[in-house]
Amino acid sequence: MNKFLRGIIAVFLTCMSLQNTAAQNRETDFNFDWKFTLVKETKKPTKFPINDTNWTPVRLPHDWSIEASFDEKLDGATGYLPGGVGVYQKHFETPANPKNKSTYVLFDGVYNNATFWLNGKLLGENPYGYSPTYFDLTKALKTDGSKNILTVHVDHSRFVDSRWYTGSGIYRNVKLITVDKLHIPIWGSFVTTPNITKEEAQVNVQVKVVNQNRSKASFILSTKIENLAGEVVAEVTSNTKVNGGKESEFNQKLTIKNPKLWDIAKPNLYKAVTSIIKKGKVVDTYIATFGVRSLRHDKDQGFFLNGKSTFVKGVCIHHDGGLVGAAVPKGVWRRRLQLMRDAGVNAIRTSHNPFSAEFYDLCDEMGFLVQAEIFDEFDNPKDKRQNMHERHDDYVSRGYTEHFQKWAESDLKRSILRDRNHPSIFEWSIGNEIEWTYENYKHVSGLWDPGAGNYWNRIPNISAKEMQDRYKALPNRKHKLTETAKKLVKWTKEMDLSRPVTANLIIPVASLASGYAEALDIVGFSYQTNQYNWSKKNYPNMHFTGNENAGNWTEWNSIIEDPMVYSMYMWTGIDYLGEAHNKWPQKGWDGDILDFGGFKKTGFDHFKSIWVNKPHIALGTYKVKDSLVVDPLSGKVITTSKKILNWNNIRAQKSWNYKKGDMIIVEVPTNLHKAELLLNGKSLGWRSLSGSVDRILRWAVPFEEGILTARGGFDGDEKEVVLKTTTKPTSIKLTVDKTTLSADGYDVAHVIAQLVDESGNDVTTEEAKITFSVDGNIRQLGVDNGSNRSAQKYQSDTVITSNGHALLLLQSLKKSGKTTIKVNGKGLKGNTISIDVQ
């Protein structure tokens with residue numbers, strides 16, 4: 001190897017090393033060593049910083065509401081938990097000389113009405129609790145060697161400002177970002193893949209560069225595409241310049257040979273590593289993770305991912321995670337997403353607001369499609385307790401509508417800037433069921449006319465032309481939904497043209513007549529599936545699909561039979577806190593797949609049977625008095641409603657413990673074409689899917705102790721599932737999803753306690769009060785039994801089980817060592833399990 005070539009390689013390796021170092025030094029974890037206090041006064045202090053000697057040490061993410069006790073005197077709209085006013089402060093050293101470097105603080109989410117100061121200097125505010133925001137700290141940083149104090153005032157005194165649980169505080173991650181005066185700004189790189197073939201993929205990297213120096217800067221802008229193995233698969237460099245005090249945007253094109261596509265089954269990812277090199281030195285590096293994938297929405301044929309027709313098997317979820325409230329560790333989301341994937345879910349609708357950046361990271365990594373929603377309210381408020389239009393005007397229920405006119409554009413654009421590189425996000429949704437809040441809007445449809453009957457899911461009685469005339473005849477009003485929607489769509493497309501824009505329409509026929517639907521690329525229906533054909537006939541140039549659904553078989557079958565309709569988002573995938581006004585002790589909404597503790601519900605098996613292309617059979621039971629579906633002549637179970645799944649399946653139990661002679665409905669969710677039910681080896685007959693309107697087979701069975709068996713399939717490939725009558729619980733079984741945790745302060749372990757009888761069978765019909773004890777350097781996040789009707793405090797060592805089980809959630813500290821977990825209960829044999837933190 002000649003001297004010249006060795007020199008070139010040395011320079012390349014040096015630049016690569018500097019590139020990685022610059023990227024690592026750019027961001028600092030800013031979640032630890034905060035102080036916090038609750039205050040009674042809603043008025044902001046006038047003097048900062050505040051003496052925090054007696055404040056409580058906390059680490060972020062932090063949700064103070066979830067630390068409180070459930071209280072019937074509070075409001076079920078937000079889960080019977082309080083809001084309030086809290087103040088956070090962090091003391092930190094100046095990370096770099098402000099003359100040479102610029103420093104920013106990035107908040108991924110603070111709920112809500114947050115105001116920020118550094119060393120007493122006002123930085124700004126952010127009312128919306130779901131949008132990310134950042135501030136330039138540079139000019140306010142200390143230069144005398146003393147520590148800086150960052151103060152965050154959070155006013156969630158209007159604690160019923162939502163229709164679901166929001167949480168309170170700095171409930172998402174915070175980062176400190178230090179960069180050269182010549183740098184790529186936060187969210188300053190946008191990667192798209194406009195042209196893809198099997199042989200190559202074109203990658204466009206749109207990069208902004210800020211020059212905060214006075215003089216013009218000349219530099220090399222270098223972008224390398226790396227696969228997950230760290231191998232460089234494409235590279236481009238360009239000589240360029242930016243004038244002093246200015247920001248410029250540059251476009252770089254690269255080609256990846258034989259690209260590995262991001263797909264639901266194989267979510268391959270790449271990194272665009274962009275560096276600014278000045279005088280041979282890497283002064284800044286920005287890394288954008290992306291995926292190579294193509295999206296096509298066809299108004300007649302549905303949705304195509306990478307050229308392949310794809311059904312969107314989706315669920316709507318809210319942003320809380322049970323006992324952790326809104327401050328959800330990444331590991332909690334990973335477990336829940338994996339369980340939903342096991343049920344066949346391949347898509348998430350973020351109801352009804354932007355989620356955390358790391359949630360989208362997980363969806364990228366795990367292969368979920370995401371419909372990213374921005375708002376639940378526009379110009380006019382919804383009633384936080386009763387939905388639809390506002391009927392309460394008390395102080396505590398004032399919400400985001402108070403800020404919408406001033407902040408909507410900024411909140412929307414910041415959210416999209418942060419999230420537009422995520423390959424998982426394939427649609428933007430500007431809003432949810434907004435029509436309720438515009439006066440007289442629903443009457444445009446004719447569905448509310450006197451004598452018209454129930455408006456729900458009904459084909460209109462009047463023509464599209466008459467609806468349009470009714471809309472035009474409405475009196476003049478301050479805010480018009482169509483005009484607002486057009487603005488939101490325009491702002492979205494200013495940020496991103498690579499994805500379509502949708503919204504969830506609760507009165508779609510009226511929105512078609514008004515022009516609201518016309519502003520959208522995809523018209524998303526909220527439940528009104530019977531109106532698809534009417535809408536297509538009257539508006540043939542629009543694309544219709546489902547954005548929110550009840551989750552029953554008939555809805556899914558409409559997708560299979562109608563190529564246009566490609567998506568179903570079931571409401572809802574996981575139990576969530578809130579939307580339980582006057583329902584005490586019920587504290588939240590019943591989902592269909594997972595409960596508050598992440599335990600599987602019987603709906604899990606129904607969705608697995610229709611969404612997973614593998615043989616599946618399961619069992620669930622409930623008393624016949626809870627159902628009205630037994631034919632008095634034949635004795636067979638019949639389904640009289642398309643909503644039967646939502647009425648009964650979510651209440652079914654995986655149990656065969658009743659009183660002798662009780663008539664029990666036995667449900668068998670399956671995708672096998674027929675199945676047989678047996679009790680103690682005696683056949684109770686066969687049922688066929690051809691005779692079931694909701695893909696759930698049912699028997700009416702007089703209870704007797706023993707073994708209930710469901711089986712079916714083909715010779716040599718039969719599937720079987722059993723339920724056994726259990727005796728009294730005698731001991732507690734302990735399991736954990738991870739026996740080794742990283743000592744990073746973030747990793748979590750789910751410890752499950754299950755009551756078992758003397759034969760080792762899970763007991764799901766009797767409960768016990770159990771107590772956990774934990775010995776080791778580890779953080780206890782709380783306990784839960786998963787029940788929607790449990791008002792037990794989450795921050796405890798003791799819990800009464802539900803369905804015989806309970807959850808203890810643990811999180812590592814930045815210390816290694818062995819942790820021992822014990823569980824005990826009166827009259828029960830305890831158990832012990834260990835976790836290594838390393």
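Visitor: What is the right way to read the sheet that holds strand β9 (residues 148-156) from this model?
Guide: The pairing of strands in a sheet happens through backbone hydrogen bonds and is either parallel or antiparallel. Spatially, β3-β2-β4-β9-β6-β7 is the arrangement adopted by the six strands of the open sheet, whose pairing is antiparallel. The open sheet has two edge strands, β3 (56-58) and β7 (121-126), and neither has a second partner. Looking at each pair of strands side by side, their axes are set apart by 25 degrees on average, direction ignored. Relative to β9, strand β4 (residues 84-92) runs antiparallel, the two sharing nine bridges. Following the sheet pairing, F92 is matched in β9 by N148.

Visitor: Any chance you could explain the packing of helix α2 (residues 330-342) against helix α3 (residues 357-366) here in plain terms?
Guide: When two helices pack together, their arrangement is given by the angle between their axes and by how far apart the axes lie. Running from N to C, α2 and α3 point in directions that differ by 40 degrees, and their axes come no closer than 10 Å. The orientation of α2 relative to α3 falls into the category oblique. For the element pair α2 and α3, the recorded crossing hand is right-handed. Note on element contacts: α3 touches α2 through E358, F359, D361, L362, C363, E365 and M366, opposite K330, W333, R334, L337, Q338 and R341. Its residues placed into classes, the contact of α2 with α3 shows six nonpolar, one polar and six charged.

Visitor: What's the story with the side chain of D595 in this structure? I'm lost.
Guide: For D595, the position within the fold is in the loop between β33 (588-589) and α10 (603-611). The buried charged residue D595 lacks any salt bridge, with R336 as its nearest oppositely charged partner at 6.4 Å. A distance of 2.9 Å separates the side chain of D595 from the backbone nitrogen of G597, its partner in a polar contact. Among the polar contacts made by the side chain of D595, one reaches the main-chain amide nitrogen of F599 at a distance of 3.0 Å. Filtering out sequence-adjacent residues up to four positions away, D595 remains in contact with R336, I574, D575, K601, G786 and H805.

Visitor: Got a minute to help me understand the pattern of salt bridges in this structure?
Guide: Pairing of side chains with opposite charge becomes possible as their charged atoms draw close. Scanning the entire structure with this criterion turns up 41 salt bridges. The closest approach of N and O atoms between R385 and D75, which form a salt bridge, is 2.7 Å. One end of the pair, R385, is in the loop between β25 (382-383) and β26 (387-389); the other, D75, is in the loop between β3 and β4, with 310 residues separating them in the sequence. With respect to burial, R385 and D75 carry one shared label: buried. The shortest N-O distance in the salt bridge between K601 and D590 comes to 3.4 Å.

Visitor: So what exactly am I meant to see when it comes to the nonpolar core here?
Guide: For soluble globular proteins, nonpolar side chains are generally found buried alongside one another. Grouped together as the largest cluster of nonpolar side chains are 124 residues, with contacts concentrated most on F375, F378, I430, Y516 and I593. Ranked by the residues each element gives to this core, the list is headed by helix α6 (residues 481-495), at six residues. The residues contacting I593, other than those within four sequence positions of it, are V315, M340, A343, V345, M570, T572, G573, F599, K600, K601, F604 and F607. Of all hydrophobic cores here, the second largest spans 31 residues; its members include V191, L254, Y270 and A272.

Visitor: Looking at this model, I keep getting lost on the packing of aromatic side chains. Mind explaining?
Guide: Aromatic rings considered in pairs are described by the distance between their centres and by the relative angle of their planes. One pass over the full model with this rule turns up 46 aromatic pairs. The interplanar angle of 40 degrees and the centroid separation of 4.7 Å between the aromatic rings of F36 and Y88 together place this pair among those described as tilted. Remark: Y88 occurs in strand β4 and F36 occurs in strand β2 (residues 34-39); sequence separation between them is 52 residues. F36 gets classed as buried once you look at its relative accessible area, which sits at 7%. Judged by its relative accessible area of 0%, Y88 falls in the buried class. An aromatic cluster is present here, built from Y111, Y128, Y130, F375, F378, Y400 and F404 joined pairwise through their rings. Just above the ring of F368 sits the side chain of R341; from NZ or CZ to the centre is 4.3 Å.

Visitor: What exactly am I supposed to notice about α3 here?
Guide: Each full turn of the α-helix corresponds to 3.6 residues, which orients residues three or four apart in the same direction. Of all ten residues making up α3, seven are buried, and the element is well covered by its neighbours. Here α3 has its buried residues at A357, F359, Y360, L362, C363, D364 and M366. Looking at the buried side of α3, the elements it contacts are β22 (312-317), α2, β23 (347-350), β24 (369-373), α4 (401-419) and β27 (425-432). A positive backbone phi angle near 85 degrees is found at G367, which sits one or two residues after α3.

Visitor: Could you clarify how one ought to interpret the environment of L295 in this entry?
Guide: Looking at the element boundaries, L295 is found in strand β19 (residues 295-298). Taking the C-alpha atoms as reference points, L295 and K308, 13 residues apart in sequence, are found 9.4 Å from one another. L295 has contacts with F303, F304, L305, F426, S498 and R499, leaving out every residue within four places of it along the chain.

Visitor: Where do I start with the environment of V501 in this structure?
Guide: If you trace the backbone, V501 turns up in strand β28 (residues 501-505). With a relative accessible area of 0%, V501 lands in the buried category. V501 sits 463 residues away from L38 along the chain, and the two C-alpha atoms are 40 Å apart. If we ignore the near neighbours within four places in the chain, the residues touching V501 are W428, I430, V489, T492, K493, L520, D521 and I522.

Visitor: What is the right way to look at the sheet that holds strand β8 (residues 133-136) in this model?
Guide: Spatial strand order, β1-β10-β5-β8: four strands in an open sheet with antiparallel pairing. Looking at the sheet topology across the chains shown, the edges are occupied by β1 (27-29) and β8. Within the sheet, the average angular offset between the axes of one strand and its neighbour, ignoring direction, is 25 degrees. Across three bridges, β1 lies against strand β10 (residues 174-180) in antiparallel orientation. Residue pairing in the sheet places T28 in a bridge with L176 of β10.

Visitor: Looking at this structure, I do not really get the confidence of the model for the protein chain. What am I missing?
Guide: In low-pLDDT regions, the fine details of the predicted coordinates are not to be read closely. A residue-level look at the protein chain finds 95% of positions with pLDDT of 70 or above and a mean pLDDT of 94. Considering only residues more than four positions removed or in separate chains, one finds that residues 3-20, a stretch of pLDDT under 50, has 15 contacts.

The rules behind the values
- Residues numbered from 1 in each chain as written.
- Predicted model: local features only at pLDDT ≥ 70, side-chain atom pairs only at ≥ 80, totals over all residues.
- Heavy atoms only, no water.
- Pairing = 2+ DSSP bridges.
- Helix = DSSP H or I, 4+ residues; strand = E, 2+ residues; numbered from the N terminus.
- Axes fitted to C-alpha atoms, helices over the stretch in contact; angles between N-to-C directions.
- Parallel < 35°, antiparallel > 145°, perpendicular 65-115°, else oblique.
- Left-handed = near helix turned anticlockwise from the far one by under 90°.
- Contact = heavy atoms within 4.5 Å.
- Nonpolar A, V, L, I, M, F, W, Y, C, P; charged D, E, K, R; others polar.
- Buried < 20%, exposed > 50% of the residue type's maximum accessible area, 1.4 Å probe, protein only.
- Lys, Arg positive; Asp, Glu negative; His and termini not counted.
- Salt bridge = Lys/Arg side-chain N within 4 Å of Asp/Glu carboxyl O.
- Polar contact = N/O pair within 3.5 Å; in protein donor to acceptor, adjacent residues only side chain to side chain.
- Core = buried A, V, L, I, M, F, W, Y, C linked by side-chain atoms within 4.5 Å.
- Phe/Tyr/Trp six-rings, centres within 6.5 Å; stacked < 30°, edge-to-face > 60°.
- Lys NZ or Arg CZ within 6 Å of the ring centre and 35° of its normal.
- pLDDT = per-residue confidence, 0-100.

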